[in-house]
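# Examining the three-dimensional arrangement
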Amino acid sequence: MLDLRQLRYFIAVAEAENVGRAAEQLHISQSPLSRQIRLLEDQLGVLLFERSRQRIRLTQEGRDLLGEARTLMANANRVETFARRLGAGNAGRLAIGYVEGAMYANIVSPSVRAFRAGSPLVTLSLQGLGSATQFDYLQRHMLDVGLAYRMPERESGLSSALVLDEAVALAIPKGHPLCGSRTLQPAQLDGQTWIAVTRQPVDTIRSALLAACQEAGFTPDIVYETTDPLASLYLVSSGLGVTLVQSALKTKAPEGVVFRDLKWLRLRVKIYLVWRSNDARPIVTAFREAVCTLAAV
């Protein structure tokens, strides 16, 4: 295995064509430098320099090696710089998972923008995934951080922080009789045709919707189910029923949808930032700080 230090010495002597000058540039004594060059020649089994009293010159083999040595040292320096950037969280790759609610609430894009301002050389991979899949991928090191609808189990080896706690809003077709009331009461929603969002079972809002409505005094008549909140809003715009979505979707709804806040309904959308508890890498810490700073604002 070549010694990079010996190669650096070889390059210095080759460029200076004088061991004394090269030693001065390297801030070492001439004798140890000459000894290292000899050791390199012995290790390689080739004469690299023609020596005389006045100067030292490269042999043809030495000239051939010089180009390769310069390339190798440049690559070594690049690797060292990259490793230092990794250690500082300024380089590498970060895999991020997110539920659609995090995107709708404008958590993902601003967090990525703030993170990249401090770590412009990091390659980011963003994947829309359900909460359970994110937890699985985090444990298998296929993700570095996630934005999920729920907290992971305590025994999972994952940590979390709440970054969004948002109210839901009732979406009503424009022209619907309910639009005539600025404030809606539970009795007015009883008997309405409902549209529910059912993602993967652990992320579905259906069970939480039923529980919250029953606590308020009525049972929603769920006739339609979708896997996407935006799709449910398009069904509402077509006059097919009413639905509950996170408040952030008010600005993304199609025409023909009217919203009403239900302050009495105990149903909210929560987003948790999730990461491996033992992952102390600066790159992960930097992204967590970007998300939590945004959440605090």
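Look a little higher up for the structure.
Owing to the predicted nature of the structure, the values given are computational and were not obtained by experimental measurement. Along each chain, the written sequence defines residue order, and numbers are assigned to residues from 1. With pLDDT at 70 or above as the cut-off, local features in this predicted model cover only qualifying residues; side-chain atom pairs require 80 or more to be listed or tallied, and sums for whole chains, interfaces and linings still use all residues. Each side-chain value is worked out from all heavy atoms of the structure, with water and hydrogens disregarded.

### Some thoughts on the overall build of the protein
Scanning the protein from N- to C-terminus turns up eleven helices and eleven strands. Seen through its principal axes, the protein has C-alpha atoms that stretch 105 × 40 × 30 Å. Residues count as neighbours in contact if any of their non-hydrogen atoms are within 4.5 Å of one another. Taking the contacts inside the protein whose residues are at least 6 apart along the sequence as the reference set, 69% of them involve residues at least 24 apart. Total accessible area on the protein stands at roughly 15800 Å², and carbon and sulfur atoms take up 50% of it. Two residue types count as positive, namely Lys and Arg, and two as negative, namely Asp and Glu; His and chain ends fall outside the count. Where a charge sits is defined by one atom per residue type, namely NZ (Lys), CZ (Arg), CG (Asp) or CD (Glu). Taken as two groups, the 34 positive and 28 negative side-chain charges of the protein have centres that lie 5 Å from each other. A run of H or I in DSSP becomes a helix once it reaches four residues, and a run of E becomes a strand once it reaches two; helices and strands are each numbered from the N terminus. Values of accessible area rely on a 1.4 Å probe in the Shrake-Rupley scheme; residue burial ignores everything except the protein chains shown.

### Some details on unusual backbone geometry
Although it is not a glycine, Glu17 sits at a positive phi angle of roughly 55°. Relative to the assigned elements, Glu17 resides in the loop between helix H1 (4–16) and helix H2 (19–26). Glu17 gets classed as partly exposed once you look at its relative accessible area, which sits at 30%. Residues other than glycine seldom take positive phi values, yet His27 does so here, at roughly 60°. Relative accessibility under 20% of the residue-type maximum defines a buried residue, over 50% an exposed one, and the middle range a partly exposed one, all with a 1.4 Å probe and only protein chains included.

### Some words on the packing of H2 against helix H3 (residues 30–44)
Working note: a packed helix pair is described by the angle between its axes plus the distance between those axes. Their axes nearest at 9 Å, the elements H2 and H3 cross at an angle of 105°. Taken together, the axis directions place H2 and H3 in an arrangement best described as roughly perpendicular. Here H2 contributes Val19, Gly20, Ala22, Ala23 and Leu26 to the contact with H3, which in turn contributes Gln30, Leu33 and Ser34. Every axis in this analysis is a line fitted to C-alpha atoms, fitted for helices over the stretch in contact. Angles between the N-to-C directions lie between 0 and 180 degrees. Oblique is the label for every angle not falling under 35 degrees (roughly parallel), over 145 degrees (roughly antiparallel), or within 65 to 115 degrees (roughly perpendicular).

### Description of the nonpolar core
Buried Ala, Val, Leu, Ile, Met, Phe, Trp, Tyr and Cys residues that are joined via side-chain atoms within 4.5 Å together make up what is termed a nonpolar core. Ranked by internal contacts, the top residues of the largest apolar core, which has 49 residues, are Leu94, Leu147, Leu170, Trp194, Leu244 and Ile271. Counting 23 residues, the second largest nonpolar core, distinct from the first, contains Ile11, Val13, Ala23 and Met73.

### Some thoughts on H1
Three- or four-residue spacings in an α-helix give side chains the same orientation, since the helix completes a turn every 3.6 residues. A helix is expected to span 1.5 Å for every residue after the first. Helix length check: H1, at 13 residues, gives a terminal C-alpha distance of 18 Å against a target of 18 Å (1.5 Å per residue), a fit within 8%. All of the buried residues along H1 are Gln6, Leu7, Tyr9, Phe10, Ile11, Ala12, Val13, Ala14 and Ala16. Count one or two residues on from H1 and you reach Glu17, which has phi positive near 55°.

### Section: the pairing of strand S11 (residues 268–276)
Counted residue by residue, S11 has seven buried out of nine residues, so it is predominantly covered. Bridging between strand S5 (residues 145–148) and S11 involves four bridges; their strand directions are antiparallel. Note on S11: the bridge partner recorded for Ala148 is Tyr272. For two strands to pair, DSSP has to find at least two bridges joining them.

### A short note on the pattern of salt bridges
The salt bridge definition used is simple: a Lys or Arg side-chain nitrogen within 4 Å of an Asp or Glu carboxyl oxygen. Summed over the entire model, instances satisfying the criterion amount to eleven salt bridges. Of the charged contacts, one joins Arg268 and Asp165 as a salt bridge, the two residues approaching to 2.6 Å between their closest N and O atoms. Taken together, the residues span a long stretch of sequence, with Arg268 in strand S11 and Asp165 in strand S6 (residues 158–173) at a distance of 103 residues. Salt-bridge contacts for Asp261 lead to Lys250; the nearest nitrogen and oxygen are separated by 2.9 Å. One end of the pair, Asp261, is in strand S10 (residues 257–261); the other, Lys250, is in the loop between strand S9 (242–246) and S10, and eleven residues separate them in sequence. Residue class for Asp261 comes out partly exposed when judged on its relative accessible area of 41%. Within this structure, Asp144, Arg276, Asp279 and Arg281 form a network of salt bridges that share partners.

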